[in-house]
Amino acid sequence: MIGDYTLVEFSSILAMQGFAGLILFSVFVLMALGLAVIFGQMGVINMAHGEFMILGAYVTWLCSQFVTAYVPALFPIYFFIAMALAFVASGALGILVEWALIRHLYKRPLDTLLATWGLSLILQQLYRSVFGAREVGVSLPDWMMGSFPLTDIIEVPINGLFVMALTILISLAVFLLMFRSRWGKQVRAVVQNRPMAGAVGINTKKVDRLTFGLGCGVAGVAGSAFTMIGSTGPTAGQLYIVDTFLVVVFGGAASLIGTIASAFTISQAQSTMEFFMSGSMAKVLTLLTVVGILMLRPEGLFTLKMRR
Amino acid sequence: MMSDDTPRKSPIATRRRVLAGMSALPFMGILGTKVSAADYPTAVVNTTGLAVTDDKVTVGILHSVTGTMSISETGSVQAEKLAIKQINDAGGVLGRQIDFIQEDGASDWPTFAEKAKKLLVQDKVASVMGCWTSASRKAVLPVFEQYNGMLYYPTFYEGLEQSPNVIYTGQEATQQIIAGIDWVVSNKGAKSFYLLGSDYIWPRTSNKIARKHIEKLGLEVVGEEYYPLGHTQFNSVINKIKLRKPDVIYAIVVGGSNVAFYKQLKAAGIDMTKEKPLLLTISVTEDEILGIGGENIVGAYACMKYFQSLPNDNNVEFVKAFKEMWGDDIVIGDVTQAAYLGPWLWKMAVEKAGSFDIDKVREASPGIEFAKAPEGYVRIHENHHLWSKTRVGHALDDGQYEVVYETEDLVEPEPFPEGYQ
């Protein structure tokens, strides 16, 4: 490959590919974070994760429709409002689902898989009935489209930067919440030993509900952000679910740091390989590598040390 | 390719034979304008026990209205229902009103086969309008051949198939590809191409034909790549495209990937209105643009046989009727129009045969002309595909295409193109 290009071109390739990898990394982290919270902290396999994301995307779409129709002046900044609303909507749905469905299944983790899978089908058909089977186009403010040209070849997409910034922000927020707040301490206590946590006066049911809501809310924000780079349709959530689980499981289910490390590894590997071979082959090799590593380290990259 | 035992006769001879069979009946109505069911007694026009009564004939509609494919197939269902309604308003088929039974393939290929069997065996429908993906068509094909049904299949597809039990109202691959490539070469001076597609049979077969044709013209293919269905990250391939600097990006990306691809292309600073590189696609109709957003694909070229903006009178009427039935915000893509042709072509074949019998309809089909087609005149070829024109559209930012080129003559369908396999 190097033979065909000049040195300038080759260094540009490296720069652009590095950047493409970083964008992919941000996307992976953003979509996996919500799942990591739910799966890692609660042990619930949430197959409807993609649908919670798409709810966020639809909220963004509704916002864009509303703002264009009634308050066009707000259009340049509506996206931030939309993301906040997406968090609230998906989070609220998450809390509702936890109350109606998940809490009855905590003792049967495999059944949560079936139940949430059923939920994902129900939500898909619901979106189809409410919003129509066709994909909807979310229009974005102009400043979010396009790119900064750095050199002749290197151009930095603005929406990529936006996703990266958002990812850093959300990750920081989740970390502060989980590791620096009183509530986070309660969550971790419940994860480590539910009966003891209950015994010292933590309302474990409330903690569960809020944790599930938080995970879903983060998924909603991710879905909202992905309207910039992907499609918004009833089944679009399915596009993300496999990658999401891959990242979380590879990272080690109970570790948020692991999720981020795993997202980084997978995204860099995939985007580098995509450059040198076709997309389908790159995906196959990525999956093979992940499967291989998981055979050697079944717990994933990072594991919590705890007594079993 | 006709599979029935009767020797092939010209359609006119068939009709004479049918008329001769009815010579005992009072000879009326044939010369009149209004066809009455009484002129065509059920016992005569339906000798194989199809769902035909003295005032009604039942057909089937078999598409996905749930699942991933409903996004694409909804338009086809709407078009077929419109055509059936219009035919009924104009007096029906051989004086009988068309009634339809709609089944949901649910984006699942075995379900398609099961529902096809139900329509043919239990409901005895006289024809079926349906299927969208090649996978669903391949799944129902054995059913249609075993129970001798007639399927009107609307989607542009990869070709390499010709069944006596299917009429293909969309384009096979060469009809969609060759004229478009010739056009970018002669009008835009394109010399190098980057082929890109989703990873399944249609994009791969199409790109194979495109590559052969490009190489035949003595031009260069600088890259060819496939991405899994549902892939959402195209940054790497966009980088490759930037480095390879092709004159034309030839894109056959489908489904949700489409939206991701065009949004990221735009975000990466490739402005398609500058036509450097120029983007030519055969997979983005007006329907897909709804999801992509007109502003993200403005400037691209698409090679199809139909665009909603076609200015001819047939189409103006069709678009008006479609919007009256399904609402003003609706858009009509290539496949939707092809689906609309199905019921009409079937009606004309039935009337030409003077019978609902599948074998007679099949025999009557080649040569059927539909001059009122929204895309303009079409004719059924001996190989069950349609003679139709190929057109190139230029995407505008309101989500519509402006037609910039159409072939002078109808393009002959060649499902098994020689020299392209």
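Conventions and cut-offs
Residues numbered from 1 in each chain as written. Chains lettered and ligands numbered in written order. Predicted model: local features only at pLDDT ≥ 70, side-chain atom pairs only at ≥ 80, totals over all residues. Contact = placed C-beta atoms within 7 Å. Helix = DSSP H or I, 4+ residues; strand = E, 2+ residues; numbered from the N terminus. Nonpolar A, V, L, I, M, F, W, Y, C, P; charged D, E, K, R; others polar. Domains from an automatic or database assignment. Buried ≥ 20, exposed ≤ 12 C-beta atoms within 10 Å, placed from the backbone.

Caption draft 1: Quick peek at the interface of chain B and chain A. Each partner contributes residues to the interface: chain B has 35 residues there, and chain A has 42 residues. Counting only elements with at least two residues in the side of chain B that touches chain A, the list comes to helix 3 (70-89), strand 7 (220-227), helix 8 (235-244), helix 9 (256-267) and helix 10 (286-292) of chain B. When the residues that make up the side of chain B that touches chain A are grouped by side-chain class, the tally is twelve nonpolar, 16 polar and seven charged.

Caption draft 2: Spotlight on the domain arrangement of chain B. Residue and element names in this part refer to chain B. Assigned domains within chain B: domain 1 (11-171 + 313-387) and domain 2 (173-304 + 390-406). The C-alpha-based centres of domain 1 and domain 2 are spaced at 32 Å. In this assembly, 15 residues from domain 1 lie in contact with 14 residues from domain 2. Taken together, the elements giving at least two residues each to the side of domain 1 that touches domain 2 come down to helix 3 and helix 13 (334-353). Element by element, the count of residues in the side of domain 1 that touches domain 2 is highest for helix 13, at three residues. The residue inventory of the side of domain 1 that touches domain 2, partitioned by class, reads six nonpolar, seven polar and two charged.

Caption draft 3: Just unusual backbone geometry, in detail. Residue and element names in this part refer to chain B. Look at the link from Lys276 to Pro277: it is a cis peptide, with omega at 0 degrees. Phi is positive for Ala106, which is not a glycine, with a value near 55 degrees. Within the fold, Ala106 resides in the loop between strand 2 (97-104) and helix 4 (109-122). On the basis of neighbour counts, which here come to 18 C-beta atoms within 10 Å, the residue Ala106 falls in the partly exposed class. Notably, Cys131 is not glycine yet its phi reads approximately 70 degrees, a positive angle. Along the chain, the position of Cys131 falls in the loop between strand 3 (128-130) and helix 5 (134-146).

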